[in-house]
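Fold and contact review
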Amino acid sequence: MDADIQAIRDQFLGQAFDEKQFEIDPIVTAEYARLCGETLPKFTDPADPDFQASPTFVASLSGGRSLPAGFPRFGLGMDAGKGIECLQPVRPGQPLIGKTHLHDIYTKTGRSGRMIFVVARLAFFDEAGTHLANSDSRIVMREKSA
Amino acid sequence: MTVHYIEDVEFGSDLPAFIPDTSLAKGAQFAKLIGWDGPRFNDHEGARKEGLPGAMIPGVMSQGFLVAMIHHWAPSARIINIDTVFRAPVMADESHTISGVVTDIDPDAGTVEIDLTVANTKQETRVFGTATIGLKAGAD
């Protein structure tokens, strides 16, 4: 691990830097599911007794900011992928609280130089504080040449 | 073939191919629904003015296609996690195919791992990823 990356990890990993409340509209999640090709009523029919948002719905939600204040700008950030972890169903119609922290920072070095990968995790909770899901956004920054 | 229990799953088997609706109309409708309305998702000419080859399907919609395919194959599957890499844009109004292959089965944990791909008609991979799903045992 490069010393500068280790220092950034020590400073930023695991510290919540953003919190946002989301109102999840059942009509929106049902339409989201239908447009993705879901056919199961528990995702497409708000009247279904087990109605829930489709597992990837939380990936469409964004916090107030994706990087903490003071995080170094290595270069232009690009979307390198999305990961979703489903712990409990997300029930539309109930408030959802999203808290963001940096989950991982690592590098890959190739012929074009060093690339810095940052995983920003938006963790979702219900009003009772039950952890429902995680949405990880991987951002890759190509380091500016010196 | 529809899968109901973990015993039904065979290592290395392909999930039934899934043809997603990647029309501009559906992509634009999806983008508007989640508040991502803009030329890159609803207008080929407008997207080209932004330097893109044309309007794209939102990445999270592609992720939704992958999960829908899993549910078509295994309606009782519980998605535990899915990780996707958006390697190249999924272009709107171009046909794409979604495929999946079972790469691991853990009967004790009740989990199945699936490699997933979204490819265009040139067989170019646009999105790839891995999902872990939970399935019950038949005896449960």
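Computed from a prediction, not measured in an experiment: that's the story for all the values here. (Residues numbered from 1 in each chain as written. Chains lettered and ligands numbered in written order. Predicted model: local features only at pLDDT ≥ 70, side-chain atom pairs only at ≥ 80, totals over all residues.)

1. A few points about the environment of A:Pro49
All names here are of chain A. Selection rule: Each helix is a run of H or I in the DSSP string that is no shorter than four residues. Each strand is a run of E no shorter than two, and both are numbered from the N terminus. The exposure label follows from counting other C-beta atoms within 10 Å of a residue's C-beta, where the C-beta atoms are placed from the backbone and the thresholds are 20 or more for buried and 12 or fewer for exposed, leaving partly exposed in between.
Checked against the element boundaries, Pro 49 lands in the loop between helix H3 (41-44) and strand S2 (77-86). Given 7 C-beta atoms within a 10 Å radius, Pro 49 is considered exposed. For the pair Pro 49 and Leu 122, spaced 73 residues apart in sequence, the C-alpha to C-alpha distance is 28 Å.

2. Remarks on the pairing of S2(A)
Spelled out, the test is: Between any two strands, pairing holds if DSSP finds at least two bridges.
Pairing analysis gives nine bridges linking S2(A) to strand S5 (residues 131-142) of chain A, with the strands arranged antiparallel. Within S5(A), the residue paired with A:Gly81 across the bridge is A:Arg138. Pairing geometry for S2(A) and strand S1 (residues 78-86) of chain B, over four bridges, is antiparallel. By the bridge assignment, A:Lys82 is partnered in S1(B) with B:Thr84.

3. Structural notes on the interface of chain A and chain B
To keep things clear, this is the line we draw: Two residues qualify as being in contact provided that their C-beta atoms, derived from the backbone, are within 7 Å of each other. Charged means Asp, Glu, Lys or Arg here, nonpolar means Ala, Val, Leu, Ile, Met, Phe, Trp, Tyr, Cys or Pro, and polar covers whatever is left, Gly included.
Contacts between the two partners involve 21 residues from chain A, matched on the other side by 26 residues from chain B. Secondary structure elements with two or more residues in the side of chain A that touches chain B: helix H2 (26-36) and S2 of chain A. No other element matches the eight residues that S2(A) contributes to the side of chain A that touches chain B. In the side of chain A that touches chain B, the residues fall into 10 nonpolar, six polar and five charged.

4. Re helix H1 (residues 3-12) of chain A
Side chains of residues three or four places apart in an α-helix project in the same direction, reflecting 3.6 residues per turn. The buried fraction of H1(A) is low, at zero of 10 residues. A positive backbone phi angle near 80 degrees is found at A:Gly14, which sits one or two residues after H1(A).

5. Quick look at the environment of A:Ile8
Residue and element names in this part refer to chain A. Locating Ile 8 in the fold gives a position in helix H1. Along the sequence, Ile 8 and Ser 60 sit 52 residues apart, while their C-alpha atoms lie 28 Å from each other. Residue contacts for Ile 8: discarding those within four places in its chain leaves Pro 72 and Ile 105.

6. So, the confidence of the model for chain B
As a reminder of what qualifies: Confidence of the predictor at the level of single residues is captured by pLDDT, which takes values from 0 to 100.
In this model, chain B carries a mean pLDDT of 94, and residues with pLDDT of at least 70 account for 99%. Reported confidences for the modelled complex are a pTM of 0.92 and an ipTM of 0.94.

7. Looking at the sheet that holds S5(A)
Spelled out, the test is: Note on method: axes are straight lines fitted to C-alpha atoms, helices fitted across the in-contact stretch only, with angles between N-to-C directions ranging 0 to 180 degrees.
If you walk across this open sheet you meet the nine strands as S1(A)-S3(A)-S4(A)-S5(A)-S2(A)-S1(B)-S4(B)-S3(B)-S2(B), and the pairing is antiparallel. Of all the strands in the sheet, the pair left with one neighbour each is strand S1 (18-22) of chain A together with strand S2 (96-106) of chain B. Neighbour-to-neighbour, the strand axes of this sheet turn through a mean angle of 20 degrees, independent of strand direction. Strand direction decides the pairing type here: strand S4 (residues 113-125) of chain A and S5(A), joined by 11 bridges, are antiparallel.

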